[in-house]
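The primary structure of each chain is shown beneath.
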Amino acid sequence: MSTTTTSSRARTDAERWIEFAASVLRFHGVPDADANLVAGSLVQADLWGHQSHGLLRLPWYVARLRTGAMKAKSEPSVVADTGGMLLLDGDDGIGQVLTDRIAREAADRARTNGIGAVGVRNSNHFGMAMYYTRRIAAEGFAAMLYTNASPAMAPWGGREKRIGTNPWSMAAPYGDSQIALDIANTAVARGKIYLADQRREDIPDGWALDAEGRRTTNAAEAINGVILPMAGHKGYAISLMMDIFTGALLGGAVGTDIHGPYEADKKSGTSHLFIAVDPRALGTAEEFDARIAELVGQMHSTPLAHGHDQVFLPGEIEDHNAATTIRLGGIEYPEQTWKDMEELGSEASVDLP
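Analysis parameters
- All residue numbers refer to position in the chain's written sequence, counted from 1.
- Thresholds applied to this predicted model are a pLDDT of at least 70 for local features of residues and 80 or more for the giving and counting of side-chain atom pairs; totals over whole chains, interfaces and linings are not thresholded and use all residues.
- Hydrogens and water molecules were not included; the side-chain quantities draw on all heavy atoms of the structure.
- Whether a residue is buried, partly exposed or exposed follows from its accessible area with a 1.4 Å probe, protein chains only, as a fraction of its type maximum: under 20%, in between, or over 50%, in that order.
- The secondary structure listing takes helices from DSSP runs of H or I that are at least 4 residues long and strands from runs of E that are at least 2 residues long, numbered from the N terminus.
- Here a strand pair is declared whenever DSSP counts at least two bridges between the two strands.
- A pairing counts as a salt bridge when a side-chain nitrogen of Lys or Arg comes within 4 Å of a carboxyl oxygen of Asp or Glu.
- To get an axis, a line is fitted to the C-alpha atoms, and for a helix only the part in contact is used. The angle between two axes follows their N-to-C directions and goes from 0 to 180 degrees.
- Working definition: roughly parallel below 35 degrees, roughly antiparallel above 145 degrees, roughly perpendicular at 65 to 115 degrees, and oblique for all remaining angles.
- We call a crossing left-handed when the near helix sits turned anticlockwise from the far one by less than a right angle, and right-handed when that turn is clockwise.
- Residues count as neighbours in contact if any of their non-hydrogen atoms are within 4.5 Å of one another.

*Asks:* Pulling in residues and values, what's your account of the pairing of strand β2 (residues 85–89)?
*Replies:* The buried count for β2 comes to four of five residues, which makes it a mostly enclosed element. In the sheet, strand β1 (residues 77–81) pairs with β2 via four bridges, with the strands oriented antiparallel. In the strand pairing of β2, V78 is matched with L88. The turn linking β1 back onto β2 is made up of three residues, and G83 within it adopts a positive phi angle of 105°. Across five bridges, β2 lies against strand β3 (residues 115–123) in parallel orientation. Across the sheet, the residue bridging to L88 is V120, located in β3.

As structure tokens, this is what we get:
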């Protein structure tokens, strides 16, 4: 089936987009440091090649700030603290800010106890999960992040949205970078369908069903339908367990009670759990590094299958994308994203890059 792609404008330096997005957020009452964090997380997703989680989402965040569904100032409170474990209530604060807080808390507790588990409920969408696990892995920790999300897929065998994509990330230090996994439990992240719709592109067969439960390659029909789970029933089962380990465990919303970032006037109710493990509590950092290097060597030395020229580690493609984008002179956005940014910039009296 043919596709039609919207035009793009000239590539623009990532730092200038961060400054722009942060200025827009500050206009809507977000404190300086928090605005910089959110803007940086969105643009980093674009650099990694995941525009589904980048500036495309800024208008959604702004709309939620306007209605008060998401609060500009994130002021979490302590619900429970056992030393190695901490639970916060996010009070509808910004997802990126709250997730950065629990990631830092988990790492601090891991330094003392060898492991730290920190959760937050009543949060919001936080962008790409590996943005946080990679930052903590860069400090020498093994890092894990789980979250629930608004309904996007049907239980295996059903045709109505009842459970979220509920993505998760794991990251470990390796050399001067990190090995980092970031996946949703659906065939594709929902944001990629929104991105395809914005670009007026078809989506691959096998990503989604329409509202009547039929397979579709039309992005707009997929938005109104359901996203299919990855690996059939296995993706559904993992997503269900992620909801248990976040919303149910942490006392937040679950299943159909969670609302997405594109619902401007509804509180999200998402919950996130961050776990950090200090390898130095189990041996030496050098021993851990050596075992990872041995594993990486085995992966990279694997004979190649037909049609492939490299075996990638999780996170390597993102690093490659970021380096290539910077080398080419910056990020290239579709026309619709430019139009959305123009509207936000005009309202906030902020010039586009």
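*Asks:* Outline the pattern of salt bridges, supporting the account with residue identities and numerical values.
*Replies:* As enumerated under the stated definition, the model contains 20 salt bridges in all. A salt bridge links E139 to R104; the nearest nitrogen and oxygen atoms lie 2.4 Å apart. Of this pair, E139 sits in the loop between α5 (130–137) and β4 (142–147) while R104 is found in helix α4 (residues 95–113), placing the two residues 35 residues apart along the sequence. For K266, the salt bridge identified is with D265, shortest N-O distance 3.8 Å. Classification of K266 by relative accessible area gives partly exposed; the value is 35%. Within this structure, D100, R104, D108, R111, R135 and E139 form a network of salt bridges that share partners.

*Asks:* Describe the packing of helix α1 (residues 14–27) against helix α2 (residues 32–47), naming the residues involved and giving the relevant values.
*Replies:* Taken N-terminus to C-terminus, the directions of α1 and α2 make an angle of 140°; their axes are 8 Å apart at the nearest point. In terms of orientation, α1 and α2 fall into the oblique class. Like other packed secondary-structure pairs, α1 and α2 cross with a definite hand, here right-handed. Across from A14, W17, I18, A21, A22, L25 and R26 in α1, the residues of α2 making contact are D32, A35, N36, V38, A39, G40, V43 and L47.

Read these as spatial facts, not as claims about activity.
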